[in-house]
Amino acid sequence: YGFNCGSTLMISGGAAQVAAKVAVTTTISAASGCLMAAIIGRIFTGAFDIGLVLNGILGALVGITANCPVVNPWAAFLIGSISAWVYYGGHVLLLKLRIDDPLDAFPIHGLCGAWGLLATGIL
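The rules behind the values
Every chain is numbered on its own, with residues counted from 1 as its sequence reads. Side-chain atom pairs in this predicted model are given and counted only at pLDDT of 80 or more, local residue features only at pLDDT of at least 70, and totals for whole chains, interfaces and linings cover all residues. Each side-chain value is derived from all of the structure's non-hydrogen atoms; neither hydrogens nor water enter the calculation. Helix numbers and strand numbers start at the N terminus; a helix is a DSSP run of H or I with at least 4 residues, a strand a run of E with at least 2. Burial classes follow relative accessibility: with a 1.4 Å probe on protein chains only, a residue under 20% of its type's maximum area counts as buried, one over 50% as exposed, and anything between as partly exposed. The criterion for an aromatic pair is that two Phe, Tyr or Trp rings (for Trp, the six-membered ring) have centres within 6.5 Å, with stacked assigned to planes under 30 degrees apart, edge-to-face to planes over 60 apart and tilted to the rest. Each axis is a line fitted through C-alpha atoms, and for a helix only the stretch in contact is used; angles between axes span 0 to 180 degrees, taken between their N-to-C directions. Left-handed is the label given to a crossing in which the near helix is rotated counterclockwise from the far helix by less than a right angle, and right-handed is the label when the rotation is clockwise. Contacts are assigned to residue pairs that have any heavy atoms within 4.5 Å of one another. Basically, the charged four are Asp, Glu, Lys and Arg, the nonpolar ten are Ala, Val, Leu, Ile, Met, Phe, Trp, Tyr, Cys and Pro, and anything else, Gly included, counts as polar. Side-chain atoms within 4.5 Å are what join buried Ala, Val, Leu, Ile, Met, Phe, Trp, Tyr and Cys residues into a set we call a nonpolar core.

Draft legend 1. Representation of unusual backbone geometry within the structure. Non-glycine residue Arg-98 carries a positive phi angle of around 60°. If you trace the backbone, Arg-98 turns up in the loop between helix 4 (73-96) and helix 5 (105-122). Judged by its relative accessible area of 78%, Arg-98 falls in the exposed class.

Now the structure itself:
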């Protein structure tokens, strides 16, 4: 989680404000991904699925990584929330296509990463 903030590589010359913004947007995205994944799990499975929630957090973290220094906090909330939907959609699609991805690496890293790149330009 700290890799986004640490990627600024310094805290002098105004970089501390960038690192702080990165920490805020990363945290907001992860939290909104967590909440949205919990809601998605409750709606579609009827229970709170911890695996779905944790992967929703990971998807939100991947989704915010490309754009964390350039988006506002409200956009980070949307990116995290939409990342949870992107992850869940990819998870269900792989199950329907009978593609074996036991760790859901493609929905998390591939699809949520692609969403994060698109979100940079959209938001």
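Draft legend 2. Seen up close, the packing of aromatic side chains. Taken as a whole and assessed by the stated rule, the structure comprises two aromatic pairs. Consider the rings of Phe-44 and Trp-85, whose centres lie 6.1 Å apart with planes at 90°: the pair is edge-to-face. Placement of the pair is Phe-44 in helix 2 (residues 15-45) and Trp-85 in helix 4, with a sequence separation of 41 residues. For Trp-85, a relative accessible area of 38% corresponds to the partly exposed category. With 5.3 Å between their ring centres and 20° between their planes, Phe-44 and Tyr-88 make a pair best called stacked. Taken together, the positions of Phe-44 in helix 2 and Tyr-88 in helix 4 put the pair 44 residues apart, joining distant regions of the chain. The buried category is assigned to Tyr-88, whose relative accessible area is 15%. Aromatic ring contacts, followed pair by pair, group Phe-44, Trp-85 and Tyr-88 into a single cluster.

Draft legend 3. Looking closely at the packing of helix 2 against helix 3 (residues 50-65). It is at 7 Å that the axes of helix 2 and helix 3 come closest, and there the two elements cross at 145°. Where helix 2 crosses over helix 3, the two elements pack in a sense that is right-handed. Across from Thr-25, Thr-26, Ser-29, Ala-30, Gly-33, Cys-34, Ala-37, Ala-38, Ile-40 and Gly-41 in helix 2, the residues of helix 3 making contact are Leu-52, Val-53, Gly-56, Ile-57, Ala-60, Leu-61 and Ile-64. Residues belonging to the contact of helix 2 with helix 3 are distributed by class as follows: 11 nonpolar, six polar and no charged.

Draft legend 4. Representation of the nonpolar core. Counting nine residues, the largest nonpolar core is built from Val-22, Ile-64, Cys-68, Val-71, Ala-75, Ala-76, Ile-79, Trp-115 and Ala-119. Where this core is concerned, the elements lending two or more residues are helix 4 and helix 5. Looking at which element gives the most residues to this core, the answer is helix 4, with three residues. Residue contacts for Ala-119: discarding those within four places in its chain leaves Asn-67 and Ile-79. With eight residues, the next largest nonpolar core counts Leu-52, Ala-84, Tyr-88 and Ile-108 among its residues.

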